[in-house]
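Understanding the architecture of this molecule
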Amino acid sequence: DAKTTQPTSMDCAEGRAANLPCNHSTISGNEYVYWYRQIHSQGPQYIIHGLKNNETNEMASLIITEDRKSSTLILPHATLRDTAVYYCIVRVGNQGGKLIFGQGTELSVKP
Amino acid sequence: DTEVTQTPKHLVMGMTNKKSLKCEQHMGHRAMYWYKQKAKKPPELMFVYSYEKLSINESVPSRFSPECPNSSLLNLHLHALQPEDSALYLCASSQGWGEKNEQFFGPGTRLTVL
């Protein structure tokens with residue numbers, strides 16, 4: 001699996017968009033980008049995933065650069081409940097279920 | 001029901017004790033997972049079960065013994081643990097292996113080994 005690099009921590013004002021970057025410069029053509037988050041004292045929660053096209057769901061948007069070497073998770077209107085550790089994971093789509101978590105980004109949403 | 005439940009929430013055990021962690025899901029998922037998470041660290045995969053058969057063991061010490069008695073249940077039997085095994089143990093499940101098969105996580109069991 002390709003390695004990912006994320007900032008250790010970020011702050012965001014409540015109501016503003018939170019943009020969380022992830023570098024995955026060694027990503028292979030068949031590897032997807034997945035995002036999970038872990039709110040304190042809870043299990044991780046799936047957010048979104050994509051291969052090469054931008055993706056949007058009810059939680060977030062995922063923007064993947066054309067060369068696929070980096071991506072950005074966007075929470076359009078961050079709330080205090082979005083305070084969590086956000087993990088960017090790269091893996092082959094049918095790779096037997098393995099999720100290799102990196103260190104993640106600790107996002108603090110402040111009033 | 002999109003919930004993975006884990007019991008107990010907290011467990012304190014001595015190094016000579018035998019205990020078990022339990023995980024349950026009723027989403028019809030055929031893949032189930034155990035992860036270990038130390039404080040301030042990301043989760044680390046321990047075991048993967050597919051269709052009730054162990055498919056991945058990430059070189060976990062034998063003092064951790066997984067069991068999948070049926071498609072809804074996953075146990076982790078603990079014996080002769082060390083204090084460094086104290087951690088949050090997370091269970092997860094997914095429909096299968098494919099791209100869209102997101103993993104659903106339980107809240108975890110916080111284990112303390114004295």
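These numbers come from a predicted model, not from an experiment.

Another aspect to go through is the sheet that holds strand β1 (residues 4-7) of chain B. All names here are of chain B. If you trace the 4 strands from one edge of the open sheet to the other, you get β1-β3-β8-β7, paired in antiparallel fashion. Each edge of the open sheet is held by one strand with a lone partner, namely β1 and β7 (64-70). On average, each strand axis in the sheet is inclined to that of its neighbour by 20°, with strand direction left out of account.

A separate point is the interface of chain B and chain A. Contacts between the two partners involve 22 residues from chain B, matched on the other side by 22 residues from chain A. At the boundary of chain B with chain A, total buried surface from both sides reaches about 1700 Å², with 53% on carbon and sulfur atoms. Linking chain B with chain A are 0 salt bridges. Looking at the side of chain B that touches chain A, the elements with two or more residues in it are β4 (31-37), β5 (44-50) and β9 (87-94) of chain B. In terms of residue count, β4(B) provides more of the side of chain B that touches chain A than any other element does, 3 residues in total.

This next bit is on the pairing of strand β3 (residues 18-25) of chain B. All names here are of chain B. For β1 and β3, the ladder comprises 4 bridges, and the chain directions are antiparallel. Residue Thr5 lies in a different strand from β3, and its bridge partner there is Glu24. Bridge count between β3 and strand β8 (residues 73-79): 7 bridges; the pairing is antiparallel. Among the inter-strand pairings, Glu24 is bridged to a residue of β8, identified as Leu73.

With that settled, consider the pattern of salt bridges. Residue and element names in this part refer to chain A. All chains considered together, the criterion is met by 4 salt bridges over all chains. Of the charged contacts, one joins Asp82 and Arg37 as a salt bridge, the two residues approaching to 2.8 Å between their closest N and O atoms. A residue pair is termed long-range when its members are at least 10 positions apart, and Asp82 in the loop between β7 (70-75) and β8 (84-92) and Arg37 in strand β3 (residues 31-38) qualify at 45 residues. Residue Asp82 is classed as buried on the basis of its relative accessible area, which comes to 12%. Judged by relative accessible area, which is 10%, Arg37 ranks as buried.

Parameters and conventions
Residues numbered from 1 in each chain as written. Chains lettered and ligands numbered in written order. Predicted model: local features only at pLDDT ≥ 70, side-chain atom pairs only at ≥ 80, totals over all residues. Heavy atoms only, no water. Pairing = 2+ DSSP bridges. Helix = DSSP H or I, 4+ residues; strand = E, 2+ residues; numbered from the N terminus. Axes fitted to C-alpha atoms, helices over the stretch in contact; angles between N-to-C directions. Contact = heavy atoms within 4.5 Å. Buried area = accessible area lost by both parts, 1.4 Å probe. Salt bridge = Lys/Arg side-chain N within 4 Å of Asp/Glu carboxyl O. Buried < 20%, exposed > 50% of the residue type's maximum accessible area, 1.4 Å probe, protein only.

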